[in-house]
Amino acid sequence: MKRLEELTFNNTYVKLGEAFFSRVLPTPMVDPVLIAFNPDAARLIGLDSSESSRPEFLQYFSGQKLFPGSDPIAMVYSGHQFGVRVPRLGDGRAILLGEVAIEDGNRKTNWDLQLKGSGLTPYSRMGDGYAVLRSSIREYLCGEAMHALGIPTTRTLCIIGSEEKVFREETESRAVITRMAPSHVRFGSFEYFFQHPSQIGGVQKLADYVITEYYPEIEAAVEPGPERYCAWFTEVTKRTARLIAKWQAVGFSHGVMNTDNMSILGLTLDYGPYGFMEEFDPAFVCNHSDEQGRYAFSQQPGIGLWNLNVLAHSLSTLMSREQLVSALETYEPTFHEEYLKLFRAKLGLKQKQDGDAGLIAELLKVMEEAHVDYSNFFRVLGRLKLEADEANEKIFSDLLGFPRQDWRQWTELYRARLRGEGEQSGQGSINQSHDQNVTAQKAVNHSAAQNSSVQDLAREKRMNLVNPKFVLRNHLAQRAIDAAVKNKDYSEIERLFQVLRNPYDEQSGSEQYTLPPTGAEKNIQVSCSS
Ligand code: AMP
Ligand code: MG
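Residues numbered from 1 in each chain as written. Chains lettered and ligands numbered in written order. Predicted model: local features only at pLDDT ≥ 70, side-chain atom pairs only at ≥ 80, totals over all residues. Heavy atoms only, no water.

(A) Structural context of the coordination of the magnesium ion (ligand 2). The coordination sphere of the magnesium ion (ligand 2) contains the protein donors N261 (OD1) and D270 (OD), at a distance range of 1.9 to 2.2 Å. The same class applies to N261 as to D270, namely buried. (Donors = N, O, S within 2.8 Å, 3.2 Å for Na, K, Ca; no water. Buried < 20%, exposed > 50% of the residue type's maximum accessible area, 1.4 Å probe, protein only.)

Listed below in structure tokens is the structure:
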């Protein structure tokens, strides 16, 4: 593990040339203080965690001091914001300090170290270049929560705050986060070069760069030229489809799926007014500024494809129309395959069957009509017994409000499906481990009742590995924000960070973090203001 001064930089992006960015220095923060530090992210760049207690740590990550070997830039990009083309955006308040080079055996990776909220850049337009503590805490916690849920995402190394004031709807205090990702290149990066005819060569240059640096397996397998671009764009399409399927499965709404917030690596990028589904409603719009509901929860899969169409347009000088279409056509099947895989696991199903999509859709309909809490419901579903008894039925009638006909019908189908899997265990099953096979085999020798309770236990265990007990509910983030902003008490950020790091574990004593909001906490609104 390294000291701060030992981090080595290999700045690949600046080698693309000045058409791709502007050199700019961070605006030094006044009297910076460490608000949160993430040892997991530090490990990714080989940084010794104890370095966070050095005064230099604050200097480097608040923009006061430059790392030897860093080469700070703001990246240029454009994008479609709420469906409207904006010819030039760019890092208006983020500065890429440089790329930290990591060697792990034979593998070499670079991690972008980006300060977000570090002051004006040539792309700041009407903004001030800053970020507020509130939104910085939200970005920090959510990135880590998503990572722990197994969802590709940018990470955050630390939050640094200060007494400096920033004006939004009200006066707030300034903060800077250090965001990390293998790359911050976006769909909008390609749009920028496509939309500026004098720069059109930039599309190819950027595509070649992204393929070489981040898709080496495609570079190795496919000859240069349209075939290679098509293979790469197909992979971007599939990654995006799988990412959004994962969002849908955990009930995550991004909130601002503009093309400038779409990562070319298929990462969740830019945490603004996001939200985790609580009372299940497919029409849920987490972003208070999204009046039309363009980015409603149920719209996300379609918006993902819309955004890929915009990217396809920007890549149209690199390959034929047929190739672009063939890549885009992989989106829907990839999405559905991933979605069904994730939901089968959420239901504890081990086998693929034709009616699965229907079974899932029917359950979601019941959940919607019963207004259940999305995460808690899936967690409790693991306790459903194959042989219904009164106590077990009561768990669900309590949760659903009252005994429901649609629920009874659905559980009949579900139980029949589970019994079918029990009988044929080991045949055509997916993701079934040796242990599960052995467990199931032993169960054959037991009485029918014992058999079903063995199955119940194994299924609950499986389901608990994929249905999170803890998600970042807005009111939980807000409690951490309020303590930090009003009392300079940062302990709740750390507590929440620790809870969200193990979202599938029982974590006795942390039950309060599973509760939906009550009273005024129900009305917390999040908007684009950050
Ligand atoms: P976002 O909605 O955070 O994805 O930002 C969209 C665009 O606005 C990006 O180009 C940002 O860099 C820019 N932006 C957002 N907030 C600010 C700010 N406070 N100052 C300057 N630029 C900003
Ligand atoms: Mg953005």
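(B) Region of interest: the packing of aromatic side chains. Inspection of every chain in the model, using the stated rule, returns 31 aromatic pairs. Between F252 and Y274, the ring centres sit 6.2 Å apart and the planes meet at 25 degrees, which makes this aromatic pair stacked. One end of the pair, F252, is in strand 11 (residues 252-253); the other, Y274, is in the loop between strand 11 and strand 12 (275-276), and 22 residues separate them in sequence. Here the two residues F252 and Y274 agree in accessibility, since each one is buried. Arranged with centres 6.4 Å apart and planes meeting at 15 degrees, the rings of Y331 and F335 form a pair that is stacked. (Phe/Tyr/Trp six-rings, centres within 6.5 Å; stacked < 30°, edge-to-face > 60°. Helix = DSSP H or I, 4+ residues; strand = E, 2+ residues; numbered from the N terminus.)

(C) Summary view of the side chain of N11. With respect to the helices, strands and loops of the structure, N11 is situated in the segment before strand 1 (21-23). Of the residues examined, N11 reaches a relative accessible area of 11% and is grouped as buried. Among the polar contacts listed, one links the side chain of N11 to the backbone oxygen of G69, at a separation of 3.0 Å. A polar side-chain atom of N11 sits 2.7 Å from the main-chain amide nitrogen of E99. Apart from residues lying up to four places away in sequence, N11 is in contact with G69, S70, D71, G98 and E99. (Polar contact = N/O pair within 3.5 Å; in protein donor to acceptor, adjacent residues only side chain to side chain. Contact = heavy atoms within 4.5 Å.)

(D) Region of interest: the pattern of salt bridges. Within this structure, the stated rule accounts for 41 salt bridges. With a closest N to O distance of 3.7 Å, E51 and R3 form a salt bridge. Taken together, the residues span a long stretch of sequence, with E51 in the loop between helix 1 (39-44) and helix 2 (55-61) and R3 in the segment before strand 1 at a distance of 48 residues. Residue E51 is classed as buried on the basis of its relative accessible area, which comes to 3%. The partly exposed category is assigned to R3, whose relative accessible area is 41%. For the salt bridge of R155 with E144, the shortest nitrogen-to-oxygen distance reads 2.8 Å. Of this pair, R155 sits in strand 9 (residues 155-167) while E144 sits in helix 3 (residues 133-148); the two residues are 11 residues apart in sequence, bridging distant segments of the chain. You'll find R155 and E144 in the same group, each marked buried. Where salt bridges share partners, they join R3, E5, E51, R54 and E56 into one cluster. (Salt bridge = Lys/Arg side-chain N within 4 Å of Asp/Glu carboxyl O.)

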